[in-house]
Amino acid sequence: MTDKLSLHLLAIGYHPEIMQVLHRLMNSHSGWHGTIALSLEEGLQQLTEYPYDGVLLGVGVTPEDEAIIRAAIEKQELFTRIIRHYGGGSGLLENEVRAEFENLQQQ
Amino acid sequence: MAKYIYHKEDSRHHEYNDWLDSKKTFSFADYYNPKRMNFGALRVFNDDILQAGKGFGRHPHDNMEIISIPLDGSLIHKDNLGNEQVVTAGEIQVMSTGSGVFHSEYNHEQTAKTRFLQIWIYPSALNVTPKYTKLQLNKDAFQNQFSAFIAPTADVHTAAVQQKAWMSLGIFNSTREFEYQVKQSGNGAYVYVMNGSIEIDGHQLSTGDALGITDTNAFSGKINSPEAEILVTDVPMTF
């Protein structure tokens, strides 16, 4: 259960109003600590400053951006999980994070 | 050889509060079941009942194809694209949420409940320009046959989604056999019984039951009740 996990999550996305909602949703979840980055550059900078458990790729992040983020994480030898966030709101957020980290716990 | 996934009506996750009664086929919001995450690109299949005048306040969506099908009553939709529409049973709405949209969705009925299916399909491309469509269903087209009302491209009888996905309805008025051709190689068909009793390859389905069928280009079945309404969601299994 991710309720019992302390997770530090970075959400990268380019729609400020949607990302504010995502920020609120992440931080209203027990045990989650959410940070948002509103540009690729800001996201890459955040990844150099803190070893996040997971990066949520949100609205506006292209497959090309994802490849850059993935390469940055590999280059820094981080264990950060990359999660594509669909739907923009609360509908799938918890599911996406739990699927990633509960699978990880079982491995 | 065809493969099957059987979802019995009472296997859906049922939750309710003072404004929403929801049966969820797949994991959604606080409901998490790793065995019920999706059927290919079909990610959400919620059967929701809203109390009179109640609903979902302003909230965002992105990168998801969201189809709402009122079964009883009507919804009022407002979004930041400037759309304000009442969608009544016999009509559907489709939101290609792409690069982001905010909307609200309420029961437009002030004294009665509204029941609707809320269906989410993963898009084939990210961050497309958001689009809203409302479509009047042509009921004649569904009589004793399957006819699409959702497709990758729009025409007079179909609304478009950003995916190689189709949704078809069949309204049958007698016991009879039927056939369904899967729309595209690699797609699977998620057959949901809105009303009635049917049989597909030995699987007995009643109202609320569903059967996911993959690894075949076509399947046949039998309507076992005097009347039946069948909804087929035809989606890529890999995307």
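Since we're looking at a predicted model, the values are computed, not measured.

Trainee: Before we move on, could you go through the interface of chain B and chain A and cite the residues and values that matter?
Mentor: Between chain B and chain A, the residue contacts involve 25 residues of the former and 23 residues of the latter. Carbon and sulfur atoms supply 58% of the area that chain B and chain A bury against each other, a total of about 1800 Å² over both sides. Applying the counting rule to chain B against chain A returns one salt bridge. The salt bridge partner of A:Glu17 is B:Arg58, with a shortest N-O separation of 3.0 Å. Our count for the contact surface shared by chain B and chain A stands at 10 residue pairs in polar contact (both at pLDDT 80 or more). Of all the secondary-structure elements, those providing two or more residues to the side of chain B that touches chain A are β4 (42-50), β5 (55-61) and β10 (101-107) of chain B. Top contributing element to the side of chain B that touches chain A by residue count: β5(B), with three residues.

Trainee: So what's going on with the sheet that holds strand β7 (residues 74-79) of chain B? Which residues, and what values?
Mentor: For sheets, the rule is that strands pair by backbone hydrogen bonds, running either parallel or antiparallel. Residue and element names in this part refer to chain B. Ordered by their spatial adjacency, four strands build an open sheet running β5-β10-β7-β8, and the pairing between neighbours is antiparallel. In the strand order of this sheet, the two ends are held by β5 and β8 (84-88), each with one partner. Sheet twist, expressed as the mean angle between neighbouring strand axes with direction ignored, is 20°. Sheet topology note: the β7/β8 ladder contains five bridges and is antiparallel. From the neighbouring strand, Lys78 faces β8, where its bridge partner is Glu84.

Trainee: Got a sec to walk through the pattern of salt bridges? Specific residues and values, please.
Mentor: Counted according to the given criterion, the structure contains 14 salt bridges over all chains. A salt bridge links A:Glu66 to A:Arg84; its shortest N-O distance comes to 3.2 Å. Of this pair, A:Glu66 sits in helix α3 (residues 63-75) while A:Arg84 sits in strand β4 (residues 81-84); the two residues are 18 residues apart in sequence, bridging distant segments of the chain. When its relative accessible area of 14% is taken as the criterion, A:Arg84 is described as buried. B:Lys78 serves as the salt-bridge partner of B:Glu84, at 4.0 Å between the closest nitrogen and oxygen. By relative accessible area, which is 53% here, B:Glu84 ends up exposed. The structure contains a network of salt bridges with shared partners spanning B:Glu9, B:Arg12, B:Lys23, B:Asp47 and B:Arg115.

Calculation criteria
Residues numbered from 1 in each chain as written. Chains lettered and ligands numbered in written order. Predicted model: local features only at pLDDT ≥ 70, side-chain atom pairs only at ≥ 80, totals over all residues. Heavy atoms only, no water. Contact = heavy atoms within 4.5 Å. Buried area = accessible area lost by both parts, 1.4 Å probe. Salt bridge = Lys/Arg side-chain N within 4 Å of Asp/Glu carboxyl O. Polar contact = N/O pair within 3.5 Å; in protein donor to acceptor, adjacent residues only side chain to side chain. Helix = DSSP H or I, 4+ residues; strand = E, 2+ residues; numbered from the N terminus. Pairing = 2+ DSSP bridges. Axes fitted to C-alpha atoms, helices over the stretch in contact; angles between N-to-C directions. Buried < 20%, exposed > 50% of the residue type's maximum accessible area, 1.4 Å probe, protein only.

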